[in-house]
Amino acid sequence: MASVSSDEWRAICDKFTNAQNLTVVESLNDPDNDPFRSKYKARELLREIYCSLKSFEAGEGEEESGGETGESGEQLPVEAPVDGQTEEAFSQGFCGDSPAGLRAAKLGAVEYYLGVNHVDTEELSAGQEHLMNSMKLLGRCRVSSENVSLFIHARNQLGILWAGRDETETAQGFLETAESIYQRYMKEDGSPPTDMADYFSTEENQLTHQERTKRFELAYTHTMYYLAQVYKNLGETERAAIYCHSTLQRQLKLNQFSPMEWALNAATLSQYYITKGRYMEGRHCLSAATVISGLAGEVPSEAAAQESETESERREQLRQKRAEIARCWIKYCLNILQDSKKLLEDSIGELDTDHTFDSIASLEEKVCCLLPMDFTEARAIFLVGQHYVTQAKEYFQMDGYVTDHIEILQDHSSLFRSLAFYEEDLDRRCKMHKRRVDMMEPVCMELNSKYYLMICRQMMFELAETYNEMMDLKLTLANRQDETESLDSHTIKKFNNLCSASAKYFQMFLDSLCSPEGKQPEHLEEEVLRPALVARFRVARLYSRLICTSPPGQVENLDKSLEHYKYVVDYCDSHPEAVATVETELELSREMVGLLPLKINRIKAKIPANN
């Protein structure tokens, strides 16, 4: 290879610098009608560099890149090793610092940059060919400090390329080999490796050891990031979470991250930990997300957004992503309350950094990660969740984000429902459920079921259940206060109103299943099968619980109750596959179908003939 100090070599180094500048800087300003102009220019420079390297090689009497033997006379492998077999990569081929090894690395680096260039210009097949050429050239060399960075970069890019084609297992092979190479290199050598840019830099422009180490670690961080996506797509969620967590750690340590993107990834990871009941890790991720998102700066004002398109986009991005992080906090609070409720009814992951860590720890102290055991502890978590409900609703407003806004309302309602479980005062518990009704009912009545049918059904069912719970609480409260006397007319009226309201919303849900002509479906689809039969069962119970002093009124209510119980029985008899979904309700319905006619007849017998 030509001397590093020669004019020819300096010319190659200048071409490489220009190619990088065209790729990284100038391409950002390319016009819409010629979006790859700078990258095409960079490609030509890279081709010229490749031709120059080959001419130097031929001029020095060295073997062509397809040759079978090197200067030492040792036999060279023509094909790249199969990915996954890292042993050969460390034990066979040229030494990395030999003339032949350095020549292969430099040619391999140019092939790598050409491959990335073609992928960037959406020429994937050509990009793959260049990247595989790079792999073949490296296949002639042992992994060493002179080439290990290129070994990993090439496999990272091939992993990305194959993942983009939905060939996840092929991508997995390249990325796992890159991981193995990194781990073995760090174990056996660990010295700051040569960066690919150093292949084409004059001596005075070589990177420092610190910068080489940082770039190498960043390449491996990319390997871990891509593997996290691969494992997620393969359904290996536990493994994906581990790699995602490690990626976030490394990005912070290397100070190489976009604050809002990092924060959103950390918040998303928290949801995995939450579903596994690992609230300490979930809280840590959310606290980190909140602190790191603050590094993105203040949200531009509306006035600033109106004057600048850039500020307008930035305002939208910051508000949206912070609102999404707030929603993750809501889920955290909701899940920890619900898990504690279940418990009462029947290894920490750390992210690094100095000052930032202190801020994260400070935020963590404000939120409990242990399951609450009483109302005071539950209320503290509820208030955190409610704070983030307010924050999320500021961005996800009804006008423009109907689905998101309603999902946040539903989570807010669920927070109240969970908190109510811990409240021993029945009157206050009932008021919490009333808050749920007040926030859900106006939206449910306003929403057009033609466009938001599934959401309307969810809200109808929840309102029905909420009124039903309030009814039970009112009756229990009244019985406690006046155990020796019958209920007064005011209490009866309240009870019946709540009972009727619950029945109304269950019936609205059932009506939403009907055809436009109002005909009941002969067959219930799987996604509504259980809710529909449960709604029928609940309506039957509600009619039987209405308090009525008039015998004819009692008969009318019990007749309606019997009608709904019979529907559940008849449907299950004609659709045996439905039995398993409502076993308890079906058993009680059969029992009531047998008992209610007797009760109805007894009441009828007491009604005077002239009535």
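Residues numbered from 1 in each chain as written. Predicted model: local features only at pLDDT ≥ 70, side-chain atom pairs only at ≥ 80, totals over all residues. Heavy atoms only, no water.

Caption draft 1: Inspection of the overall build of the protein at higher detail. A count of helices and strands for the protein gives 22 helices and zero strands. Here the C-alpha radius of gyration of the protein, 34 Å, is well above what a compact globule of 611 residues would show, namely 25 Å. The 611 residues of the protein split such that 48% are buried. Accessible surface, the protein: about 30,700 Å² in total, of which carbon and sulfur atoms supply 48%. (Helix = DSSP H or I, 4+ residues; strand = E, 2+ residues; numbered from the N terminus. Rg over C-alpha atoms; globule rule 2.2 N^0.38 Å. Buried < 20%, exposed > 50% of the residue type's maximum accessible area, 1.4 Å probe, protein only. Areas by Shrake-Rupley, 256 points an atom, 1.4 Å probe, with all protein chains shown as cover.)

Caption draft 2: Representation of helix α1 (residues 7-24) in the model. In this model α1 runs 26 Å from its N-terminal to its C-terminal C-alpha over 18 residues, within 8% of the 26 Å that 1.5 Å per residue would give. Looking only at α1, the buried set comprises W9, I12, C13, F16, A19 and L22. (Expected span 1.5 Å × (residues − 1).)

Caption draft 3: Layout of the nonpolar core. F200, W329, Y332 and L533 are the most contacted members of the largest nonpolar core, which has 161 residues in total. When residues of this core are assigned to their parent elements, the largest contribution, 13 residues, is made by helix α18 (residues 453-481). With near-sequence residues (within four places) excluded, Y332 lies in contact with I274, Y279, G282, R283, L286, V367, C368 and C369. The next biggest cluster of nonpolar side chains, apart from the first, holds ten residues, and it includes A540, V555, Y565 and L596. (Core = buried A, V, L, I, M, F, W, Y, C linked by side-chain atoms within 4.5 Å. Contact = heavy atoms within 4.5 Å.)

Caption draft 4: How the structure looks around unusual backbone geometry. If you check the backbone angles, E122 has positive phi at about 65° while not being a glycine. Relative to the elements of secondary structure, E122 occurs in the loop between α4 (99-120) and α5 (124-138). A positive phi angle is found at N255, which is not glycine, with a value near 55°. Position of N255 among the secondary structure elements: in the loop between α9 (237-254) and α10 (259-275).

Caption draft 5: Structural context of the confidence of the model for the protein. In the predicted model, the protein carries a mean pLDDT of 88, and 90% of its residues have values of at least 70. Note on residues 59-82: pLDDT is under 50 here. Beyond four places in sequence and across chains, it has 41 contacts. Note on residues 347-353: pLDDT under 50 across the span, and 21 contacts to partners over four residues away in sequence or across chains. (pLDDT = per-residue confidence, 0-100.)

Caption draft 6: Expanded view of helix α16 (residues 402-422). With 21 residues, α16 should cover 30 Å at 1.5 Å per step; its first-to-last C-alpha distance of 31 Å lies within 8% of that length. Burial within α16 is extensive, with 16 of its 21 residues counted as buried.

Caption draft 7: Spotlight on the layout of surface pockets. When its volume is computed, the largest pocket comes out at roughly 670 Å³. Only α1, α4, α6 (148-164) and α8 (209-233) provide two or more residues apiece to the lining of the largest pocket. Here the residues of the lining of the largest pocket are counted per class, giving twelve nonpolar, eight polar and five charged. Around the second largest pocket, the lining is made up of 21 residues, and of these Y225, A228, Q229, C244 and N265 lie nearest the centre. (1 Å grid on protein atoms, 1.4 Å probe; cavity = no way out; pocket = protein on both sides within 12 Å on 5 of 7 lines; lining within 4 Å. Points joined across faces, edges and corners; volume = space filled by probe spheres on them. Nonpolar A, V, L, I, M, F, W, Y, C, P; charged D, E, K, R; others polar.)

Caption draft 8: Up close: empty space enclosed by the protein. What the second largest cavity holds in volume is close to 40 Å³. In this structure, the second largest cavity is lined by L510, L513, Q520, L524, A532, R536 and Y567. Taken together, the residues of the lining of the second largest cavity break down into five nonpolar, one polar and one charged.

Caption draft 9: Region of the structure containing the packing of aromatic side chains. In this structure the tally under the stated criterion is 26 aromatic pairs. Centre to centre, the rings of F16 and F200 are 4.9 Å apart; their planes meet at 35°, and the pair counts as tilted. With F16 in helix α1 and F200 in the loop between α7 (168-188) and α8, the pair connects residues that are 184 residues apart, well separated along the chain. Since its relative accessible area comes to 4%, F16 is described here as buried. For F200, a relative accessible area of 1% corresponds to the buried category. Note on Y395 and Y401: the rings are 5.1 Å apart at their centroids and 40° apart in plane angle, and the pair reads as tilted. Judged by its relative accessible area of 25%, Y401 is partly exposed. Just above the ring of W162 sits the side chain of R165; from NZ or CZ to the centre is 4.7 Å. Cation over ring: R536 sits above Y567, and NZ or CZ is 3.9 Å from the ring centre. (Phe/Tyr/Trp six-rings, centres within 6.5 Å; stacked < 30°, edge-to-face > 60°. Lys NZ or Arg CZ within 6 Å of the ring centre and 35° of its normal.)

Caption draft 10: Focus on the pattern of salt bridges. Tallied over the full model, the rule gives 28 salt bridges. The partner of E211 in a salt bridge is R215, and the shortest N-O contact between them spans 3.4 Å. Separated by four residues within a single helix, E211 and R215 lie in helix α8, roughly one turn from each other. Using a relative accessible area of 31% as the deciding quantity, one classes E211 as partly exposed. (Salt bridge = Lys/Arg side-chain N within 4 Å of Asp/Glu carboxyl O.)

Caption draft 11: The arrangement of the packing of helix α13 (residues 309-345) against α16 in detail. For the pair α13 and α16, the least separation of the axes is 10 Å and the interaxial angle reads 30°. For the crossing formed where α13 meets α16, the hand is left-handed. Contacts between α13 and α16 involve R327, I330, K331, C333, L334, L337, Q338, S340, K341, L344 and E345 from the first element and D404, E407, I408, D411, S414, L415, R417, S418, F421 and Y422 from the second. (Axes fitted to C-alpha atoms, helices over the stretch in contact; angles between N-to-C directions. Left-handed = near helix turned anticlockwise from the far one by under 90°.)

Caption draft 12: Molecular detail of the state of the cysteines. Applying the stated criterion across every chain yields a total of zero disulfides. Left unpaired, C514 is separated from the closest cysteine sulfur, that of C456, by 15 Å. The thiol of C572 is unpaired, and the distance to the nearest cysteine sulfur, on C514, comes to 18 Å. In this structure C572 comes out as buried when scored by relative accessible area, which is 2%. (Disulfide = S-S within 2.5 Å.)

Caption draft 13: The packing of α6 against α7, seen in detail. Remark: α6 packs on α7, axes separated minimally by 7 Å, with the N-to-C direction vectors making an angle of 160°. Our classification of the angle between α6 and α7 gives roughly antiparallel. As for the relative orientation of α6 and α7, their crossing is left-handed in sense. The segment α6 lies against α7, with V148, F151, I152, R155, N156, L158, G159, W162 and A163 engaging T170, A171, F174, L175, T177, A178, I181, Y182 and Y185. Split by residue class, the contact of α6 with α7 holds 13 nonpolar, four polar and one charged. (Parallel < 35°, antiparallel > 145°, perpendicular 65-115°, else oblique.)

Caption draft 14: Quick look at the environment of I274. Residue placement: I274 occurs in helix α10. Separated by 61 residues in sequence, I274 and N335 place their C-alpha atoms 7.1 Å apart. I274 has contacts with Y279, L286, C328, K331, Y332 and N335, leaving out every residue within four places of it along the chain.

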